[in-house]
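Commentary on secondary and tertiary structure
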Amino acid sequence: SGGAVRPPRATCLLLASFAAGSGLWLLVGSQKEEQPDVASPRTQRSARSAAQLAKWFRWQAVLASEAAAHTASPGKGSLALWGDSITESWRGTSYGTPAGRANGTPAVLAQTLARRWPSPAVLAISGDQTQHLLWRLGDGGELPPPLASDGALTAVVMIGTNNLGAGHLPGPTAEGVLAVAREYLRRSRGRLLLCALLPRGDGAELLPRLCPPRCDRRGAPFRSFMPAVEKVNQRLREEAGGGRLSVDFPGRVSYVDCGGPFRAGGGRREGGEEEAEEVVVRLMPDRLHPNPEGHRLLARCLETALLGKGWGVQPTGYSRLGLPLGGSAP
């Protein structure tokens, strides 16, 4: 009562996990199956262990604190990037801990997007699915009033590939992504660049583990994630590129597909004979996460899309054409 401030729900759950140890694992394990378009924190359904679950809540509390500390920069646009491990790579971490596969990626961020949008907020957690980001934007406290009220804020959201990796079908996965988009747009004054899912070429390794229940009509495992990725992206493109989402939030939402440089056009021939890779392994060594070179191409794509909408500010020392003042293009 009085002037007391109620801590975010995420903080309460985190404290409970510290107090009860594995009790949180048992508590969330009793919850029903997670749905892509229904807000949920990580539970036993989507965490590999009690330790990972505690790590998730610990890192999420850090992200909520960073979001709460946001201050708008007069005359400069603000940029926030929400997502999963692909987005967390901009920080060089996984669950807040340095990740070898992301070595060098923070430097790429500093050399690219951060030159135009100083100190971009990277609010991402490895392994997250749409329902987790949906929860983080609400009860998780990652869209607090200072951030939500910033009319110069542009959010870049890339989420959903882990839903497919967990066995969710393309339709529900797309609805989950759109639920995240609507939650952000409804709760904030900012703009949204909704990203297509990037290509992934790890289906041969992962898809057999998802069958059953995710099998083809013959009862065999699917061979590739790419048909599902394309179905999700088609739905997002329709909604954000002139569909209901863009009608409901006019001038505030755009869609971009940055997957082109990562697609190798390969797959598997009939009978299981190996063909070319589905992704460019030079850019995605594990066939899922872009490396620093891949992130540089991703940054270039995002910047082009944002500037194309007029949602950018010029970096210090650069002309309106993006060239260094007093010099030529590097």
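Scroll up to find the structure this text is about.
Below or above, wherever it landed, is the structure these notes cover. (Residues numbered from 1 in each chain as written. Predicted model: local features only at pLDDT ≥ 70, side-chain atom pairs only at ≥ 80, totals over all residues. Heavy atoms only, no water.)

1. Regarding the overall build of the chain
The test is simple: Helix and strand assignments follow DSSP, with helices taken as H or I runs no shorter than four residues and strands as E runs no shorter than two, numbered in order from the N terminus. Relative accessibility under 20% of the residue-type maximum defines a buried residue, over 50% an exposed one, and the middle range a partly exposed one, all with a 1.4 Å probe and only protein chains included. Residue contacts follow a heavy-atom distance rule, with two residues in contact if any of their heavy atoms lie within 4.5 Å. All accessible areas in this document rest on Shrake-Rupley with a 1.4 Å probe, and a residue is counted as covered only by the protein chains that are shown.
Counting its secondary structure elements, the chain contains 14 helices and seven strands. Each of the 330 residues in the chain was classed as buried or not, and the buried ones make up 51%. The contacts in the chain between residues at least 6 apart in sequence include a share of 71% that link residues at least 24 apart. A total of about 15,100 Å² of accessible surface is found on the chain, and carbon and sulfur atoms cover 54% of it.

2. What to know about the sheet that holds strand β5 (residues 153–158)
What counts is decided by this rule: Here, a strand pair is defined by DSSP locating no fewer than two bridges between the strands. Interaxial angle, 0 to 180 degrees, is taken between N-to-C directions of lines fitted to C-alpha atoms, where a helix line uses only the stretch in contact.
Taken in spatial order, the five strands line up as β4-β1-β5-β6-β7 in an open sheet, and their pairing is parallel. With partners counted over all chains shown, the strands left at the sheet margins are β4 (121–124) and β7 (253–256), one partner each. Direction aside, the axes of adjacent strands within the sheet are offset by 20 degrees on average. Pairing between strand β6 (residues 191–195) and β7: four bridges, direction parallel. Each bridged residue has a counterpart across the sheet, and for L194 the counterpart in β7 is Y255. Against the sheet, helix α10 (residues 170–187) makes contact with β1 (78–83), β5, β6 and β7, and its axis sits at roughly 170 degrees relative to β6, the strand it touches most.

3. Remarks on the pairing of β1
For β1, the buried fraction is high: six of the six residues fall into the buried class. Burial of the side chains of β1 extends over both faces: S78, A80 and W82 are buried on one face and L79, L81 and G83 on the other. In the sheet, β1 pairs with β5 via six bridges, with the strands oriented parallel. Paired with G83 across the strands is M158, a residue of β5.

4. Comments concerning the state of the cysteines
In a disulfide, the sulfur atoms of two cysteines are held together by a covalent bond. Under the convention used in this document: Only a pair of cysteine sulfur atoms within 2.5 Å counts as a disulfide in this structure description.
Summed over the entire model, instances satisfying the criterion amount to two disulfides. Across the disulfide, C211 is cross-linked to C215 (sulfur-sulfur distance 2.0 Å). Residues C211 and C215 are joined through a disulfide that is right-handed, its torsion about the S-S bond being 110 degrees. Note on C215: relative accessible area 21%, which makes it partly exposed.

Limitation: the analysis is restricted to geometry and does not speak to function.
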